[in-house]
Amino acid sequence: MLDTMQYLQETPSQTAGPYVHIGLIPHQAGFDIFERPFGNVLAGPQTPGQRIRIEGRVFDGLGQVCRDIMLEIWQANAAGRYNSPADRQEKSLDAGFRGWGRTGTAFDTGVYVFETVKPGRVIGRHGHKPMAPHVNVWLAARGINIGLATRMYFGDEAEANAGDPVLNIIEAERRGTLIARREDRDGGPAYVFDIHLQGPAETVFFDV
Amino acid sequence: MSEQPFEFFQRDRSQQPPAFTPDYKSTTLRSPRLALWSLQNSLSEVTGPVFGQDELGPLDNDLILNYAKNGEPIGERTVVHGRVLDENGRPVPGALVEVWQANAGGRYRHKNDTYLAPIDPNFGGCGRMVTDADGSYRFRTVKPGAYPFRNFVNSWRPAHIHFSLSGSGFAQRLITQMYFEGDPLIPKDAILNTIPDPAARRRLIAALDLNHSIPLDSLAYRFDIVLRGKRATVFENKLEGN
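It should be emphasised that the depicted structure is a prediction, and the values quoted were computed from it without experimental measurement.

Even after reading the chapter, I still don't get the overall build of chain A, so can you show me in this structure?
The secondary structure content of chain A amounts to four helices and eleven strands. Here the C-alpha radius of gyration of chain A, 18 Å, is about what a compact globule of 208 residues would show, namely 17 Å. Counting every position in chain A, which comprises 208 residues, the buried fraction comes to 60%. The contacts in chain A between residues at least 6 apart in sequence include a share of 67% that link residues at least 24 apart. Put simply, chain A shows about 8400 Å² of open surface, and 51% of that area lies on carbon and sulfur atoms.

Below you can see the structure in the form of structure tokens.
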């Protein structure tokens, strides 16, 4: 019998809904409940690496700013290693740097912000060409049936980006949707990464 | 040893809702229209954040007590429990499970919820926990109420609890909703019906579990969750030019 292989099936996704903040960012919903909430500041004072700010907005198919999006980022440390048992690269780990953060686009301005360090380069799949520095982004919200995965690359890493094994599989016309624009501010560099859910500038989303 | 020890099975999209589902109108302008780019897993997808039990407070999984101010919340006292497994049937220990829900009257504690049912002063409506070594989780709450939402003129959500799951890899990230066995609103729900496969929809309906209810105290429901499975990459060949 061919059907004797007993795999389970992944639980189906459902929209996070308009009140996702209650569970994942309660302070934004309007109350505080946990002693140690998760947040959008990834780097502590001791974390090695260049301090950066990542910010942007999320747009719908009519170009309207979406003010209820939940975003998470996941990234390597400055040395290019993920703080995860599945990363077996021989590079240093930074205690206290989890490499993960979560926030919501603001109800008024629609802007999201992360404060972190710039990630280093990570090996590519099966030890192939190293990937350019990037931040993995995942977003969920009302009207999004299954979470959307994308990557943010850095606009000031042209050389590394040119050799990146993921950017290179994407048609040239759309590659730019994954590259954040650097702005130099008083507090240090900010990378502006706007996400378009739909429309002429639709961001590249991945089936990972 | 390989620096990338495994990769996840390709996601079975037949079990998942498509991005655009016209009967859930909010998807109209928020659904990507171009094909997703299929991306073979690298370390960026197979790794994921680690969460420790020590980061959580002792009441984080007790929605009856974690926002109690001058008494306990009103509603049917309910235990929800289950296991987080992967597609291979293996437990996923250390998974972060976060839940949120409306109160017994169907009202959310949220700035943007204007439904006329009252806020319960003793109910926050969220909780979180990390799965045990065998993938199990449990929390205590009051059963949420149904509520209307703006979709069609007279659209109602069945009672449900939102679940957010973070497994060992970022590619396993999942948000879903759990429903309660026997709710007559379930077959009419535009959001549950975004999932085309009827068997897949049924997997979101938690069964009454009297064996785990607490006599004279709380009912119980069982909800098992499956995250993507993984395979070892030991025989992987190095492709040229990549």
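What's the story with the overall build of chain B in this structure? I'm lost.
The secondary structure content of chain B amounts to two helices and 14 strands. Taken over the C-alpha trace, chain B has a radius of gyration of 20 Å; the compact-globule value for 242 residues is 18 Å, and the two agree within 12%. With the principal axes as the frame, chain B shows a C-alpha extent of 65 × 40 × 35 Å. In chain B, buried positions account for 55% of the 242 residues.

I keep staring at the interface of chain A and chain B and nothing clicks. Help me out?
Of the residues lining the interface, 85 residues belong to chain A; the matching set on chain B comes to 97 residues. Summed over both partners, the interface of chain A with chain B comes to about 8300 Å²; 58% of that surface belongs to carbon and sulfur atoms. Interface area lost by chain A to chain B is led by Glu10(A), Gln14(A) and Arg125(A), which between them contribute 11%. At the junction of chain A with chain B, the criterion picks out eight salt bridges.

Got a minute to help me understand the environment of Phe180(B) in this structure?
All names here are of chain B. The residue Phe180 is located in strand S10 (residues 174-180) in this model. Sequence separation between Phe180 and Ser14 is 166 residues; the distance between their C-alpha atoms is 23 Å. Excluding its chain neighbours within four sequence positions, the residues that come into contact with Phe180 are Thr78, Lys143, Pro144, Ala159, His160, Ile161, Ile186, Ile205, Ala206 and Tyr221.

Just checking my understanding: could you explain the nonpolar core for this structure?
Most often, soluble globular proteins have nonpolar side chains that are buried together. Core analysis: the largest hydrophobic core is formed by 85 residues, its most contacted members being Val84(B), Trp100(B), Tyr137(B), Phe139(B) and Phe163(B). When residues of this core are assigned to their parent elements, the largest contribution, five residues, is made by S10(B). Judged by nonpolar contacts, the second largest core, of 27 residues, contains Ile52(A), Ile54(A), Tyr112(A) and Leu197(A).

Got a minute to help me understand the confidence of the model for chain B in this structure?
Low-pLDDT stretches of the model should not have their predicted coordinates read in fine detail. All names here are of chain B. When pLDDT is averaged along chain B, the result is 96, and 97% of the positions lie at 70 or above. The least confident element of chain B, judged by mean pLDDT, is strand S14 (residues 230-232) at 94; the most confident is strand S9 (residues 160-166) at 99. Reported for the predicted complex are a pTM of 0.97 and an ipTM of 0.97.

Sorry if this is basic, but what is going on with the packing of aromatic side chains here?
Note on aromatic pairs: each is described by the distance of the centres and the angle between the planes. Taken as a whole and judged by the stated rule, the model has 17 aromatic pairs over all chains. Note on Trp74(A) and Tyr82(A): the rings are 5.2 Å apart at their centroids and 25 degrees apart in plane angle, and the pair reads as stacked. Relative to Phe8(B), the ring of Phe6(B) has its centre 5.6 Å away and its plane inclined at 80 degrees; by these criteria the two rings are edge-to-face. Sitting over the ring of Phe180(B), Lys143(B) keeps its end group 5.1 Å from the ring centre.

When you look at the pattern of salt bridges in this model, what are you seeing that I'm missing?
Between side chains of opposite charge, pairing is possible as soon as their charged atoms come close. Evaluation of the coordinates by the stated rule reveals 27 salt bridges over all chains. The partner of Arg30(B) in a salt bridge is Asp68(A), with the nearest N and O atoms 2.8 Å apart. Taken as a pair, Arg30(B) in the loop between strand S1 (6-8) and strand S2 (37-38) and Asp68(A) in the loop between strand S2 (58-59) and strand S3 (70-75) lie in two separate chains rather than in one. A salt bridge links Arg107(B) to Asp113(B), with the shortest nitrogen-to-oxygen separation between them at 3.9 Å. Comparing Arg107(B) with Asp113(B) shows no difference in burial state: the two are buried.

I keep staring at the pairing of S10(B) and nothing clicks. Help me out?
Residue and element names in this part refer to chain B. Across the seven residues of S10, seven count as buried, placing the element largely inside the fold. Residue alternation in S10 divides its side chains into two sets, Leu174, Thr176, Met178 and Phe180 and Ile175, Gln177 and Tyr179, and both sets are buried. Alignment of S9 against S10, held across six bridges, turns out to be antiparallel. Its bridge partner being in S10, Ser164 is matched across the sheet by Ile175. The pairing of S10 with strand S11 (residues 205-208) spans two bridges and is classified as parallel. The partner of Tyr179 across the bridge, within S11, is Ile205.

Criteria and cut-off values
- Residues numbered from 1 in each chain as written.
- Chains lettered and ligands numbered in written order.
- Predicted model: local features only at pLDDT ≥ 70, side-chain atom pairs only at ≥ 80, totals over all residues.
- Heavy atoms only, no water.
- Helix = DSSP H or I, 4+ residues; strand = E, 2+ residues; numbered from the N terminus.
- Rg over C-alpha atoms; globule rule 2.2 N^0.38 Å.
- Buried < 20%, exposed > 50% of the residue type's maximum accessible area, 1.4 Å probe, protein only.
- Contact = heavy atoms within 4.5 Å.
- Areas by Shrake-Rupley, 256 points an atom, 1.4 Å probe, with all protein chains shown as cover.
- Buried area = accessible area lost by both parts, 1.4 Å probe.
- Salt bridge = Lys/Arg side-chain N within 4 Å of Asp/Glu carboxyl O.
- Core = buried A, V, L, I, M, F, W, Y, C linked by side-chain atoms within 4.5 Å.
- pLDDT = per-residue confidence, 0-100.
- Phe/Tyr/Trp six-rings, centres within 6.5 Å; stacked < 30°, edge-to-face > 60°.
- Lys NZ or Arg CZ within 6 Å of the ring centre and 35° of its normal.
- Pairing = 2+ DSSP bridges.

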